[in-house]
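The lines below spell out each chain.
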Amino acid sequence: LIGVYTNRHGERWELQLKGSGKTPYSRNGDGRAVLRSSVREFLCSEAMHYLGIPTSRAASLVVSDDDVWRDQFYNGNIKKERGAIVLRLAKSWFRIGSLEILAHSGEVDLLRRLLDFIIQEHFPSIAMNDSNRYLEFFSTVVSETANLIALWMSVGFAHGVCNTDNFSLLSITIDYGPFGFMDSYDPNFVPNTSDDERRYKIGNQANVGLFNLSKLLQALKPLLDPRQKQLASQILEGYGEHYYSRFTELFKTKLGLLGENENDNYLIAFLLKVSLLC
């Protein structure tokens with residue numbers, strides 16, 4: 001993260017470099033990015049924006065003279081590739097993992113401070129003096145995450161690595177890695193060649209979203225009283241209804257279906273099954 005920029009419209013953007021080298025958080029990686037993946041992220045993030053799907057944006061791409069070594073297909077065949085750096089933007093880069101790591105390490109005071117900062121900066125509809133602000137925050141993230149994944153499914157987008165560190169607290173698409181779009185309908189489509197267990201197959205994205213939200217709830221529990229914990233669990237139970245409602249709405253729009261009909265869901269499921277057989 002290199003800074004925060006506020007444009008002439010008053011919009012606040014956090015600027016981040018991908019592929020610029022090691023940081024204290026690079027773990028065992030080299031912090032570099034290759035040209036092919038950088039071009040893909042640049043193009044796809046902009047395409048997703050114009051498809052109306054919440055996403056990070058790409059501002060620029062610079063080709064590097066550095067050689068980067070990568071095993072593209074994870075088959076032991078390491079090759080030298082051209083490096084690149086993408087300047088990408090988002091309203092925020094905070095993820096579920098940003099809170100999860102603090103709860104896991106027992107840093108409750110820092111967890112509270114960070115969460116209050118996130119709410120104050122990015123959730124203006126939530127009052128900071130509201131004793132239920134963390135509950136309202138969780139409710140918003142649950143419903144918006146369901147909406148985001150339904151939008152992914154409406155265009156056949158598979159993220160590829162749907163872990164808690166790649167799920168935005170603002171429910172936007174971030175960290176374009178081994179993503180892919182289905183050429184034809186296949187719920188088992190996996191764009192990530194390293195995902196041998198097919199955990200992040202496109203047909204499992206909604207379930208993985210629920211799993212990640214359950215991890216968010218677990219991270220928030222040190223800040224909730226017993227009544228709020230019970231209410232938060234009920235909110236999480238409503239995730240599936242949120243998702244299927246939005247999924248149905250999007251696919252009805254695609255089909256030009258008007259009004260409500262009890263056979264709408266059957267028709268959508270039938271057409272998807274026909275697409276699979278074709």
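Residues numbered from 1 in each chain as written. Predicted model: local features only at pLDDT ≥ 70, side-chain atom pairs only at ≥ 80, totals over all residues. Heavy atoms only, no water.

1. Quick notes on the overall build of the chain
Right, so step 1: Each helix and strand counted, the chain has 8 helices and 6 strands in total.
Right, so step 2: Helices (α) and strands (β) of the chain occur, in sequence order from the N terminus, as β-β-α-β-β-α-α-α-β-β-α-α-α-α.
Right, so step 3: In terms of C-alpha radius of gyration, the chain reaches 20 Å, essentially the compact-globule figure of 19 Å for 278 residues.
Right, so step 4: C-alpha extents for the chain along the principal axes are approximately 55 × 55 × 40 Å.
Right, so step 5: Taken across its 278 residues, the chain has 43% of its residues classed as buried.
Right, so step 6: Looking at the chain alone, contacts between residues at least 24 apart form 60% of all its contacts between residues at least 6 apart.
Right, so step 7: Accessible area of the chain: about 15,500 Å², with a carbon and sulfur share of 52%.
Right, so step 8: With 30 positive and 32 negative side-chain charges, the chain shows a separation of 4 Å between the mean positions of the two kinds. (Helix = DSSP H or I, 4+ residues; strand = E, 2+ residues; numbered from the N terminus. Rg over C-alpha atoms; globule rule 2.2 N^0.38 Å. Buried < 20%, exposed > 50% of the residue type's maximum accessible area, 1.4 Å probe, protein only. Contact = heavy atoms within 4.5 Å. Areas by Shrake-Rupley, 256 points an atom, 1.4 Å probe, with all protein chains shown as cover. Lys, Arg positive; Asp, Glu negative; His and termini not counted. Charge placed at Lys NZ, Arg CZ, Asp CG, Glu CD.)

2. Focus on empty space enclosed by the protein
Right, so step 1: Per the counting criterion, the structure on display carries 2 cavities of 30 Å³ or more.
Right, so step 2: As a volume, the largest cavity reaches approximately 60 Å³.
Right, so step 3: Residue lining of the largest cavity: Thr145, Leu148, Trp152, Asn166, Phe167, Ser168, Ser171, Ile172, Thr173 and Ile174, and that is the complete set.
Right, so step 4: Residue composition of the lining of the largest cavity, by class: 5 nonpolar, 5 polar and no charged.
Right, so step 5: Taken as a whole, the second largest cavity encloses approximately 30 Å³ of empty space.
Right, so step 6: Taken together, Gly19, Arg32, Ala33, Ser64, Asp66, Val68, Gly83, Ala84 and Ile85 make up the full set of residues lining the second largest cavity.
Right, so step 7: Looking at the lining of the second largest cavity, the elements that each hand over two or more residues are strand E3 (57-70) and strand E4 (79-90).
Right, so step 8: Its residues placed into classes, the lining of the second largest cavity shows 4 nonpolar, 3 polar and 2 charged. (1 Å grid on protein atoms, 1.4 Å probe; cavity = no way out; pocket = protein on both sides within 12 Å on 5 of 7 lines; lining within 4 Å. Points joined across faces, edges and corners; volume = space filled by probe spheres on them. Nonpolar A, V, L, I, M, F, W, Y, C, P; charged D, E, K, R; others polar.)

3. Quick notes on the packing of aromatic side chains
Right, so step 1: The final tally for this structure, using the stated rule, is 12 aromatic pairs.
Right, so step 2: Taken together, Trp152, Phe157, Phe167, Tyr176, Phe179 and Phe181 form an aromatic cluster joined through their ring pairs.
Right, so step 3: Just above the ring of tryptophan 13 sits the side chain of lysine 91; from NZ or CZ to the centre is 4.1 Å.
Right, so step 4: Across from the ring centre of phenylalanine 211, 4.8 Å away, lies the NZ or CZ of arginine 199, which sits over that ring. (Phe/Tyr/Trp six-rings, centres within 6.5 Å; stacked < 30°, edge-to-face > 60°. Lys NZ or Arg CZ within 6 Å of the ring centre and 35° of its normal.)

4. A closer look at the layout of surface pockets
Right, so step 1: Space inside the second largest pocket adds up to approximately 620 Å³.
Right, so step 2: Around the second largest pocket, the lining comprises 32 residues; the ones closest to its centre are Met153, Tyr185, Tyr243, Phe247 and Leu272.
Right, so step 3: Elements represented by at least two residues in the lining of the second largest pocket include exactly helix H4 (133-154), helix H5 (205-220), helix H6 (226-237), helix H7 (239-255) and helix H8 (264-277).
Right, so step 4: With 9 residues, H7 is the single largest residue contributor to the lining of the second largest pocket.
Right, so step 5: Class assignment for the residues of the lining of the second largest pocket results in 19 nonpolar, 10 polar and 3 charged.

5. Points about the side chain of threonine 248
Right, so step 1: With respect to the helices and strands, threonine 248 occurs in helix H7.
Right, so step 2: For threonine 248, a relative accessible area of 16% translates into the label buried.
Right, so step 3: Polar contacts involving the side chain of threonine 248 include one to the side chain of asparagine 265, which spans 3.1 Å.
Right, so step 4: Discounting chain neighbours no more than four positions away, the residues touching threonine 248 are Asn265 and Ile268. (Polar contact = N/O pair within 3.5 Å; in protein donor to acceptor, adjacent residues only side chain to side chain.)

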